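Take a look at the letters that make up each chain.
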Amino acid sequence: MGLLRKIRTTGRVAEPAPPAPMGEVLPQARRLSGSAQVRCVDAGSCNGCEIEIAAAFNPVYDAERYGARLVASPRHADVALVTGPVTRNMAEPLRRTVQAMPEPPIVVAVGDCAIDCGEFAGGYGIEGAVSDVVPVDLAVPGCPPAPAEIVAALRRVTGR
Ligand code: SF4
């Protein structure tokens, strides 16, 4: 009983949230009213960026507390988080994924490879950077970017 009382009186223990990025919110994201559904697209990544995206949604960084939520279908997604250089095989699926999203889709390029092909620039199987295939609204640099930076980018979409 002592333990239950302690749990009830302690409440939720978490780091205080950093200030909301007001004034930096993407203009095209204002219609979302603080809630963004997010679809991840691995366009050819080494999976390093995926590990950091997973961390961004874990209980420590907890992107969901700022209104970002992962979804399984682009039809339900407001935001595409795209990682990796775009390989030739993934160029058309990436185009179709973004076309399947409700208008206007918001595309976030996550990691140096997504921004300028990074380590894989000039590779025989590389189509190009994400912006060579679909319009990009926001870029998160780093190899890989830290989870806090991915969360900060998502907060620029949700405004929370
Ligand atoms: S940016 Fe770095 S971690 Fe991300 S896909 Fe490229 S090489 Fe991998």
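Residues numbered from 1 in each chain as written. Predicted model: local features only at pLDDT ≥ 70, side-chain atom pairs only at ≥ 80, totals over all residues. Heavy atoms only, no water.

Q: Explain the overall build of the protein chain to me, and be specific about the residues and the numbers.
A: Looking only at helices and strands, the protein chain has five helices and seven strands in total. Within the protein chain, the fraction of its 160 residues that count as buried is 44%. Pairs at least 24 residues apart make up 83% of the contacts formed inside the protein chain by residues separated by at least 6 positions. Just so you have it, the protein chain exposes about 8,800 Å², and 55% of that area is on carbon and sulfur atoms. One way to put it: in the protein chain the 16 positive side-chain charges average out to a point 13 Å from where the 17 negative ones average out. (Helix = DSSP H or I, 4+ residues; strand = E, 2+ residues; numbered from the N terminus. Buried < 20%, exposed > 50% of the residue type's maximum accessible area, 1.4 Å probe, protein only. Contact = heavy atoms within 4.5 Å. Areas by Shrake-Rupley, 256 points an atom, 1.4 Å probe, with all protein chains shown as cover. Lys, Arg positive; Asp, Glu negative; His and termini not counted. Charge placed at Lys NZ, Arg CZ, Asp CG, Glu CD.)

Q: Tell me about the sheet that holds strand β7 (residues 138-140), and name the residues and values.
A: With respect to topology, five strands assemble into an open sheet ordered β2-β1-β3-β5-β7, the strand pairing being parallel. Lying at the two open borders of the sheet, with one neighbouring strand each, are β2 (68-70) and β7. Recorded for the sheet is a direction-independent mean angle of 30 degrees between the axes of neighbouring strands. Across three bridges, the pairing between strand β5 (residues 106-110) and β7 is parallel. Opposite Val108, over in β7, you have Leu138 as the bridge partner. On top of the sheet, helix α2 (residues 48-56) reaches β1 (36-42), β3 (79-83) and β5; it is set at about 140 degrees to β3, its chief contact. (Pairing = 2+ DSSP bridges. Axes fitted to C-alpha atoms, helices over the stretch in contact; angles between N-to-C directions.)

Q: Can you tell me about the packing of aromatic side chains, naming the residues and giving the values?
A: Each aromatic ring pair is summarised here by two numbers: the centre-to-centre distance and the angle between the ring planes. Under the criterion given, the structure shown has zero aromatic pairs. Its end group placed over the ring of Tyr66, Arg155 keeps NZ or CZ at 4.0 Å from the ring centre. (Phe/Tyr/Trp six-rings, centres within 6.5 Å; stacked < 30°, edge-to-face > 60°. Lys NZ or Arg CZ within 6 Å of the ring centre and 35° of its normal.)

Q: Let's hear about the site of the ligand: which residues, and what values?
A: With respect to spatial proximity, the complete set of residues near the ligand consists of Ser45, Cys46, Gly48, Cys49, Asp112, Cys113, Phe120, Gly142, Cys143 and Pro144. When the residues that make up the shell around the ligand are grouped by side-chain class, the tally is six nonpolar, three polar and one charged. (Near = heavy atom within 4 Å. Nonpolar A, V, L, I, M, F, W, Y, C, P; charged D, E, K, R; others polar.)

Q: Tell me about the pairing of β1, residues and numbers included.
A: Regular strands place side chains that alternate from one sheet face to the opposite one. One ladder, built from three bridges, connects β1 with β2; its direction is parallel. Of the residues in β2, the one forming a bridge with Val38 is Leu70. Handedness of the crossover is the feature at issue here: the chain leaves β1, passes through α2, returns alongside β2, and the resulting connection is right-handed. Of the pairings in the sheet, the one linking β1 to β3 comprises five bridges and is parallel in character. The residue of β3 that forms the bridge with Asp42 is Thr83. (Right-handed = clockwise from strand over helix to strand, strands pointing away.)

Q: With reference to specific residues and values, describe the UniProt feature "domain: NADH:ubiquinone oxidoreductase-like 20kDa subunit" (unreviewed entry) in the protein chain.
A: Within this structure's numbering, the places UniProt gives as "domain: NADH:ubiquinone oxidoreductase-like 20kDa subunit" (unreviewed entry) are residues 46-156. As annotated, residues 46-156 comprises 33% helix and 19% strand, and the C-alpha atoms at either end are separated by 26 Å. (UniProt positions renumbered as here; feature names shortened; annotations may be inferred.)

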